[in-house]
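Notes for the structure review
Letter by letter, the chains look like this.
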Amino acid sequence: MEDINHFGEATIRNLINPNRVDMGLDIDYSIAHFIIKPGDFLEPLIMKNPETYYVLEGEGILYIEDVPFELRKGQLVLVPENAKQHMENTGDVDLEFLAINEPAWKPEHEIILE
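Read on for a plain summary of the structure. The model shown is predicted, which means the values in this text are computed figures rather than measured ones.

Description of the overall build of the protein chain
Looking only at helices and strands, the protein chain has zero helices and eleven strands in total. Of the regular secondary structure in the protein chain, the N- to C-terminal order runs β-β-β-β-β-β-β-β-β-β-β. Here the contacts in the protein chain between residues at least 6 apart in sequence split such that 64% fall between residues at least 24 apart. Only carbon and sulfur atoms are counted for the fraction: they give 51% of the accessible area of the protein chain, which is about 6,600 Å².

A word on the nonpolar core
Grouped burial of nonpolar side chains is what soluble globular proteins tend to show. By size, the foremost hydrophobic cluster in this structure holds 18 residues, and its most contacted members are Phe34, Leu62, Met87 and Phe97. Where this core is concerned, the elements lending two or more residues are strand E2 (10-16), strand E3 (30-36), strand E5 (51-57), strand E6 (59-64), strand E8 (76-79) and strand E10 (95-101). With near-sequence residues (within four places) excluded, Phe97 lies in contact with Ala32, His33, Phe34, Ile36, Leu42, Tyr53, Tyr54, Val55, Leu56 and Met87.

Regarding the packing of aromatic side chains
A full pass over the atoms with the stated rule returns two aromatic pairs. Aromatic pair Phe34 and Phe97: ring centres 4.8 Å apart, planes at 10 degrees, arrangement stacked. With Phe34 in strand E3 and Phe97 in strand E10, this pair connects stretches of sequence that are 63 residues apart. In this structure Phe34 comes out as buried when scored by relative accessible area, which is 11%. Among the residues examined, Phe97 registers a relative accessible area of 1% and is labelled buried. Ring centres 5.0 Å apart and planes at 70 degrees place the aromatic pair Tyr53 and Phe97 in the edge-to-face group. Here Phe97 lies in strand E10 and Tyr53 lies in strand E5, a separation of 44 residues in the sequence. Among the aromatic residues, those joined into a ring-pair cluster are Phe34, Tyr53 and Phe97.

Considering the pattern of salt bridges
Counted according to the given criterion, the structure contains three salt bridges. In this structure, the salt-bridge partner of Lys37 is Asp94, at a minimum N-O distance of 3.1 Å. Taken together, the positions of Lys37 in the loop between E3 and strand E4 (41-47) and Asp94 in the loop between strand E9 (84-89) and E10 put the pair 57 residues apart, joining distant regions of the chain. Linking Lys84 and Asp66 is a salt bridge whose minimum nitrogen-to-oxygen distance equals 3.3 Å. Taken together, the residues span a long stretch of sequence, with Lys84 in strand E9 and Asp66 in the loop between E6 and strand E7 (67-72) at a distance of 18 residues. What makes Asp66 partly exposed here is its relative accessible area of 48%.

Criteria and cut-off values
- Residues numbered from 1 in each chain as written.
- Predicted model: local features only at pLDDT ≥ 70, side-chain atom pairs only at ≥ 80, totals over all residues.
- Heavy atoms only, no water.
- Helix = DSSP H or I, 4+ residues; strand = E, 2+ residues; numbered from the N terminus.
- Contact = heavy atoms within 4.5 Å.
- Areas by Shrake-Rupley, 256 points an atom, 1.4 Å probe, with all protein chains shown as cover.
- Core = buried A, V, L, I, M, F, W, Y, C linked by side-chain atoms within 4.5 Å.
- Buried < 20%, exposed > 50% of the residue type's maximum accessible area, 1.4 Å probe, protein only.
- Phe/Tyr/Trp six-rings, centres within 6.5 Å; stacked < 30°, edge-to-face > 60°.
- Salt bridge = Lys/Arg side-chain N within 4 Å of Asp/Glu carboxyl O.

Interpretation note: all reported values are geometric properties and have no functional meaning in isolation.
Structural data, given as structure tokens:
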């Protein structure tokens, strides 16, 4: 079963999430594949758990507590729990990355900021 969502300008494909899809897995982590088009961005948010991002393609800037971190293919970035974050695609191609959450992502772990 494919689980695709949209978060602002991003497309999110949930690859593994025991809380969203009945996969029969005894795990407590989730992996989602994000795609952000050139010039688009993710709105600011806070995750109550840490997140790890692995960049598959493209380039961009990830802001953690308003400090900019450049993103590029092959990069791994850890976002601490309860840190304000947002991201933008600054390149000419889609910014694609995996978001790994432990414990697994749940709506109540995420606070969308205005």
